[in-house]
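Tertiary structure, described
What follows is each chain in one-letter form.
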Amino acid sequence: MNSSQKIEIIVGFSTHRIEVLPFAKNFMERADIIILEEPPNENFRLVLEGKISEEDYVLNEEFWFPEFEKQTLKLLKNFHQQGKKIFQIEPYLEGVKILQQRAEGIVSHQSIDEVLLERIAETEKNAIGKLLRFYEVSLTGDFEKIVDSVKDFSKADAERFRLRDQLRVEAILKVLLSLKQGLKKVYVEAGTIHLYFKKLLQLNTLSLGKVSQFFLLQKVLKSLVGKPYVFPPGELLTLRYIFNRKENPKTENLLAARSLVYIKIIPKEEFLPHEENPFPHFKEELRAIKLVERLDFEDCKRLYSKLFWIKDYKEARKLVEDHLKSR
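Given the structure is predicted, the values throughout are model-derived calculations rather than measurements. (Residues numbered from 1 in each chain as written. Predicted model: local features only at pLDDT ≥ 70, side-chain atom pairs only at ≥ 80, totals over all residues. Heavy atoms only, no water.)

1. Quick notes on the sheet that holds strand E1 (residues 7–14)
Spatial strand order, E3-E2-E4-E1-E5: five strands in an open sheet with parallel pairing. At either margin of the open sheet sits one strand with a lone partner, and together these are strand E3 (85–88) and strand E5 (209–215). Shown here is a sheet whose adjacent strand axes are inclined to one another by a mean of 20°, direction ignored. Two strands pair when backbone bridges link them, and strand E2 (residues 33–36) and E3 are joined in this way by four bridges, in the parallel orientation. Among the inter-strand pairings, Ile 33 is bridged to a residue of E3, identified as Lys 85. Against the sheet, helix H1 (residues 21–29) touches E1, E2, strand E4 (185–191) and E5, its axis set at about 150° to E4. Together, E1, E2, E3 and E4 form the strand contacts of helix H7 (residues 143–178), whose direction differs from that of E4 by roughly 165°. (Pairing = 2+ DSSP bridges. Helix = DSSP H or I, 4+ residues; strand = E, 2+ residues; numbered from the N terminus. Axes fitted to C-alpha atoms, helices over the stretch in contact; angles between N-to-C directions. Contact = heavy atoms within 4.5 Å.)

2. Side note on the pattern of salt bridges
Here the structure, examined in full by the defined rule, presents 18 salt bridges. Two residues, Lys 151 and Asp 148, come together in a salt bridge whose shortest N-O distance is 3.7 Å. You can see Lys 151 and its partner Asp 148 sitting in helix H7, three residues apart, about one turn around the helix. Here Arg 302 makes a salt bridge to Asp 299, at a shortest N to O gap of 3.2 Å. Residue Arg 302 and its partner Asp 299 are located together in helix H13 (residues 297–307), separated by three residues, close to a single helical turn. Overall, Arg 302 belongs to the partly exposed group, its relative accessible area being 44%. Accessibility expressed as a relative area gives 1% for Asp 299, which makes it buried. The network of salt bridges with shared partners includes Glu 124, Asp 157 and Arg 160. (Salt bridge = Lys/Arg side-chain N within 4 Å of Asp/Glu carboxyl O. Buried < 20%, exposed > 50% of the residue type's maximum accessible area, 1.4 Å probe, protein only.)

What follows is the structure, given as structure tokens:
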């Protein structure tokens, strides 16, 4: 790459929801290359080349939001036909996939540094261990201990995110440096919690060009709340640990407590946008965030035992709303 040639790198903070795709499409259309936040999959290229269908690809993989994946593949297939380069870059998750394959006795043909793989294994083991501990403690009914276990997991998850972001920036940098001259604009997909990734990418590409960030729904959000994005309490807690914010037990306890309520009052299923409600997930998540922001620690403590066995998010949300009305 010509040292005098500057490129524009756009980080699109996104969720895996169909409602964000029109906004992602706008950025992708103007980019020369598109970098996805996912580990390489040998069948992905076959989809882009039209050798297997989007439906077959999704059917043979595990996706939390299959309709989003199908729609995204159709979009990317069109961009591939236009000659855009599309990369799947997520070294940490690639490492996790290799570890899972080895555990199942499957020989992986992907090459990865064994020292790095060991580091990924340790990081993943620590995070999963803290998560299992949370599940164990959550059955005790001791709210203070449950909150502590949430914080312990968030700290381990923060270490996982830091390593993920570091490895991804290194891999993206290699790709950018290896490309031919003429590259003007790059679109990089990133989950909304990956603010540290954007910071690292900016620091490591100063000689290449400018990094800009956009939350894909920021125009919608700014018109409603005056901010480009609002984070749920669990992500706010993890972000504190990712950026090594000064310890504040009161704030961290409150965020952990609110996260226990929040997770019960958001839908888990995939919604499809329609004319009357073009942003169904965003609408539900914003409503849930606004609700838990009105709860103090004691509110969360009282609600948690009542919410624990409730499966229906609407029933759980009504319980929280009724509690707030009765205060």
